[in-house]
Amino acid sequence: DRWDKQDADVVCRQLGYPEAVSALGLASFGQGSGSILLDDVKCSGSESRLQSCVYDSHTSDCSHSEDAGVICQTLRLVNGTCPHSGRVEIFYNGQWGTVCDDQWGLHDAKVVCRQLGLGSASSYTTSAHYGAGTGPVWLSRVGCSGSESKLESCSHGTWGAKTCSHEEDAGVVCTGRCGACTSQVTRKKRGLFSSSLN
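Below is a short write-up of the structure. Quantities reported herein were computed from a predicted structural model and do not represent experimental measurements.

1. Side note on the overall build of the protein chain
Counting its regular elements, the protein chain contains three helices and eleven strands. Order of helices (α) and strands (β) in the protein chain, N terminus to C terminus: α-β-β-β-β-β-β-β-α-β-β-β-α-β. For the protein chain, the proportion of its 198 residues judged to be buried stands at 45%. Of the contacts formed within the protein chain by residues at least 6 apart in sequence, a portion of 70% connects residues at least 24 apart. In the structure as shown, the protein chain presents an accessible area of about 10,000 Å², 50% of it carried by carbon and sulfur atoms.

What follows is the structure in structure tokens.
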């Protein structure tokens with residue numbers, strides 16, 4: 001009951017992620033089993049643990065059909081001309097890092113856009129088109145078929161690519177309601193590739 005984004009943010013931080021993408025209810029990931037421990041959770045959003053939030057331990061009015069869930073943020077777009085474009089950054093091992101453009105293509109971009117809920121990809125970028133990132137270059141040689149639900153499920157080299165620099169950071173332009181953004185980006189020539197591939 002009353003499960004919201006602030007509650008989900010606390011759970012994701014407790015698990016080592018920066019924040020939640022969404023808070024889900026009604027057993028979106030399936031019904032659990034065993035005891036139900038918390039009801040009417042109300043977090044301010046600043047707590048470090050879910051157990052520090054206000055909650056009711058009398059759960060007799062709850063069933064597993066009301067189990068709460070979260071989707072934590074593991075991917076983001078940075079430095080784009082709108083929220084639907086930018087350098088791809090992935091959260092791993094407690095730190096944001098970038099993706100190398102070696103073998104980067106439209107199928108990879110489609111997976112990124114789908115994972116972020118931004119539709120499909122209209123184009124992909126290479127050569128740090130959206131600026132060079134900082135921190136580690138986490139992934140290189142990404143090879144998505146285009147049907148994966150998240151970038152981490154695609155084939156890729158080992159985490160912590162040692163053969164790439166931030167001058168090779170990959171980016172995407174997603175199709176989600178961003179027509180002005182797309183037209184601005186396509187005027188730039190360096191490192192932008194588009195396609196009509198669906």
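2. A word on helix H2 (residues 106–115)
Across the ten residues of H2, seven count as buried, placing the element largely inside the fold. Burial in H2 covers these residues: Leu106, Asp108, Ala109, Lys110, Val111, Val112 and Cys113. Just downstream of H2, Gly117 is the residue with a positive phi angle, here 75°.

3. Concerning the state of the cysteines
Considering all chains together, one arrives at five disulfides under this definition. Here Cys12 is linked by a disulfide to Cys72, with a sulfur-sulfur distance of 2.1 Å. Looking along the S-S bond of the Cys12-Cys72 disulfide, the torsion reads about -90°, which is the left-handed sense. With Cys12 in helix H1 (residues 5–14) and Cys72 in strand S4 (residues 69–72), this pair connects stretches of sequence that are 60 residues apart. Paired by a disulfide, Cys100 and Cys164 hold their sulfur atoms 2.0 Å apart.

4. Focus: the pairing of strand S7 (residues 95–99)
The buried fraction of S7 is high, at four of five residues. Note: strand S6 (residues 85–92) against S7, four bridges, orientation antiparallel. Opposite Phe91, over in S7, you have Trp96 as the bridge partner. Where S6 hands over to S7, the hairpin turn is made up of two residues, of which Asn93 adopts a positive phi near 55°.

5. Notes on the packing of aromatic side chains
Working definition: an aromatic ring pair is given by the centre-to-centre distance plus the angle between the planes. In the structure shown here, the tally under the stated rule is five aromatic pairs. The interplanar angle of 45° and the centroid separation of 6.2 Å between the aromatic rings of Tyr17 and Phe91 together place this pair among those described as tilted. Of this pair, Tyr17 sits in the loop between H1 and strand S1 (20–24) while Phe91 sits in strand S6, and the two are 74 residues apart along the sequence. Of the residues examined, Phe91 reaches a relative accessible area of 11% and is grouped as buried. Where Trp138 meets Trp159, the ring centres are 6.3 Å apart and the plane angle is 70°; that geometry is what we call edge-to-face.

6. Some remarks on the pairing of strand S10 (residues 171–174)
Here S10 shows two buried faces, one formed by Gly171 and Val173 and the other by Val172 and Cys174. Pairing between S6 and S10: three bridges, direction antiparallel. Looking at S10, one finds that Gly86 is bridged to Val172. Bridge count between strand S8 (residues 121–125) and S10: four bridges; the pairing is antiparallel. Within S10, the residue paired with Thr125 across the bridge is Gly171.

7. Observations regarding the nonpolar core
The biggest cluster of nonpolar side chains holds 23 residues, and the ones touching the most others in it are Val88, Val99, Trp104, Val112, Val142, Leu151 and Val172. Counting residues per element, the ones that place at least two in this core are strand S5 (75–79), S6, H2, S8, strand S9 (137–139) and S10. Ignoring sequence-local partners within four residues, the contact set of Trp104 consists of Val88, Val99, Ala109, Val112, Tyr124, Thr125, Thr126, Val142, Leu151, Ala170, Gly171 and Val172. By size, the runner-up hydrophobic cluster in this structure holds eleven residues, among which are Ala8, Val11, Ala20 and Val70.

Scoring rules and cut-offs
- Here the residue numbering is sequential within each chain, running from 1 through the sequence in written order.
- pLDDT decides what is reported in this predicted model: residues at 70 or higher carry local features, side-chain atom pairs at 80 or more are listed and counted, and totals for whole chains, interfaces and linings draw on all residues regardless.
- Side-chain metrics rest on all non-hydrogen atoms present in the structure, leaving aside hydrogens and water.
- Helix and strand definitions here come from DSSP, where helices need a minimum of 4 consecutive H or I residues and strands a minimum of 2 consecutive E residues; each element is numbered from the N-terminal end.
- The rule is simple: take the accessible area with a 1.4 Å probe, protein chains only, and divide by the maximum for that residue type; under 20% is buried, over 50% is exposed, in between is partly exposed.
- In what follows, residue pairs with any heavy atoms lying within 4.5 Å of each other are defined as contacts.
- Using a 1.4 Å probe, accessible areas were evaluated by the Shrake-Rupley method; residue-level cover was limited to the displayed protein chains.
- For this text, the term disulfide refers to a pair of cysteine sulfurs within 2.5 Å.
- Strands are treated as partners if at least two bridges between them are detected by DSSP.
- Aromatic pairs are defined between Phe, Tyr and Trp rings, using the six-membered ring for Trp, whenever the two ring centres lie within 6.5 Å; interplanar angles under 30 degrees are classed as stacked, those over 60 as edge-to-face, and all others as tilted.
- Each nonpolar core is a collection of buried residues, namely Ala, Val, Leu, Ile, Met, Phe, Trp, Tyr and Cys, held together in the definition by side-chain atoms within 4.5 Å.

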